[in-house]
Amino acid sequence: MSAMEPWRRSLDAAGLVDADGSTRPTIFAEMSALATAHDAVNLGQGFPDEDGPSEVLDAAVEAIRSGANQYPPGRGTPDLRAAISEHRARFGSPALDPETEVLVTAGATEAIAAALLALVPPDGEVVTLSPFYDSYAAIIGLIGARHTTIPLRGADFQPEPADIDAAIGPSTTVVLLNNPHNPTGSVIAPELLERIAARAAAHGAVVVSDEVYEHLVFDGAPFTPIAAVPSARGRALSISSAAKTFRVTGWKIGWITGPAALIEAVVAVKQFLTYVNGAPFQPAVAVGLRLPDAYFTEASLVLQRRRDLLSAGLRDAGFAVSPSRGSYFVVADAAPLGVEDGAAFARELVRDAGVASIPLAAFAPGSSDPAIRSSLRFAFCRRDEAIEESVRRLSAYRR
């Protein structure tokens, strides 16, 4: 094995290696660069265009001024770990020991990477939903493990029981979930989560659940933390972060929680990745996690209204729009506009209409599903003015 192979495997798994062996940037980097070049409204990448709550921002400034600028404890500051434990219990998960069952990470992405590196051997198998966030495939490829997927089907992007049973079997090491789901905006039905967890338990697999959009759920959708699913108890790791909930994507403060033995395994890997991070942001995130329920309710309602605004505009522009029950995103199928190649159409839209999106096929490399190939993902985590301008541009655009 050459020294180049592990990183090349990682890029290949993410669909970033061309037939001639050359590599290319992610679709997110490409579309953001195109948005800048064409002065487009960027509804591609999932980052807000407004700051988070003042209480959280002020706490970070105060922490910097108070000298919280050196390495924090390896597992995270005690107060943040306590706040994470309190927050989990407050929103429906079992009680946690902040000393042994909570680990602070450099965002959710590091938590996912550390968990997979800790739990999956090179000959292991990781099962994910599909479409999937691109970093999942990259980490699985870096490990050298097999990647098996459970397709999400229908307009509401739910897994079918038969597909769950077919994907999770004796060779499965980890089932990596994302709920609420990026890129589709679906929220997995509780009975399907239970089936996934039961199937994993039957084969001795660990469930790792990426729940960064846990508070951004709409229309009363039944979001269920994996830690609250009976079959997952004792064998599940839950991941979240401050990025989406508090609109601080640049802070990179995440966390992973679960049984002490599993957390210990993740710590063993994480200490050789970033070791620690974000000292002045950790006390600020603790403040955020202790905000009253009204903050989390209002954050969801604001995004729900923006989802409705963008979805209506996409329909008026001729797209078939799937229901978004959570996250920052809505999927719109351009097939009614005569589009078969969503990737080419996304580039056309940013260039000619001035609106950037991400082709859904980027989240399902190699998929032959026509609906995935013709669909685009749009982010609605922008100010009303940006969404209104996007709708105006889409309405005015004619192919």
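Conventions used here
Residues numbered from 1 in each chain as written. Predicted model: local features only at pLDDT ≥ 70, side-chain atom pairs only at ≥ 80, totals over all residues. Heavy atoms only, no water. Phe/Tyr/Trp six-rings, centres within 6.5 Å; stacked < 30°, edge-to-face > 60°. Helix = DSSP H or I, 4+ residues; strand = E, 2+ residues; numbered from the N terminus. Buried < 20%, exposed > 50% of the residue type's maximum accessible area, 1.4 Å probe, protein only. Lys NZ or Arg CZ within 6 Å of the ring centre and 35° of its normal. Core = buried A, V, L, I, M, F, W, Y, C linked by side-chain atoms within 4.5 Å. Domains from an automatic or database assignment. Contact = heavy atoms within 4.5 Å. 1 Å grid on protein atoms, 1.4 Å probe; cavity = no way out; pocket = protein on both sides within 12 Å on 5 of 7 lines; lining within 4 Å. Points joined across faces, edges and corners; volume = space filled by probe spheres on them. Nonpolar A, V, L, I, M, F, W, Y, C, P; charged D, E, K, R; others polar.

**Some remarks on the packing of aromatic side chains**
Part 1 of the argument: Tallying each qualifying case throughout the model produces 15 aromatic pairs.
Part 2 of the argument: Ring centres 6.1 Å apart and planes at 75° place the aromatic pair Y71 and Y275 in the edge-to-face group. Here Y71 is found in the loop between α3 (54–65) and α4 (78–90), whereas its partner Y275 is found in the loop between α10 (260–270) and α11 (281–289), with 204 residues between them in sequence.
Part 3 of the argument: Between F319 and F345, the ring centres sit 6.2 Å apart and the planes meet at 45°, which makes this aromatic pair tilted. Placement of the pair is F319 in the loop between α12 (293–316) and β10 (320–321) and F345 in helix α13 (residues 342–353), with a sequence separation of 26 residues.
Part 4 of the argument: Using a relative accessible area of 6% as the deciding quantity, one classes F319 as buried.
Part 5 of the argument: Classification of F345 by relative accessible area gives buried; the value is 2%.
Part 6 of the argument: These aromatic residues form a ring-pair network of at least three members: F28, Y133, Y136 and F363.
Part 7 of the argument: When the ring centre of F329 is taken as origin, the NZ or CZ atom of R377, which lies over that ring, is 3.7 Å away.
Part 8 of the argument: A cation over an aromatic ring shows up here: R382 above the ring of F47, its NZ or CZ 4.6 Å from the ring centre.

**Details of the nonpolar core**
Part 1 of the argument: With 122 residues, the main nonpolar core has L116, F319 and F378 as its most contacted residues.
Part 2 of the argument: When residues of this core are assigned to their parent elements, the largest contribution, eight residues, is made by helix α5 (residues 107–119).
Part 3 of the argument: Taken domain by domain, this core gets at least three of its residues from each of domain 1 (6–51 + 295–396) and domain 2 (54–290).
Part 4 of the argument: Apart from the residues lying within four places of it in its own chain, the contact partners of F378 are L43, L310, L314, F319, Y328, F329, V330, A332, L349, V355 and S357.

**Let's talk about the layout of surface pockets**
Part 1 of the argument: A volume near 510 Å³ is recorded for the largest pocket.
Part 2 of the argument: In terms of lining, the largest pocket is formed by 27 residues, of which the most central are G46, T109, Y133, Y213 and K244.
Part 3 of the argument: Put simply, the parts of the chain that give the lining of the largest pocket at least two residues each are α5, α6 (134–143) and α9 (242–245).
Part 4 of the argument: Top contributing element to the lining of the largest pocket by residue count: α5, with four residues.
Part 5 of the argument: For the lining of the largest pocket, a count of residues per class yields twelve nonpolar, ten polar and five charged.

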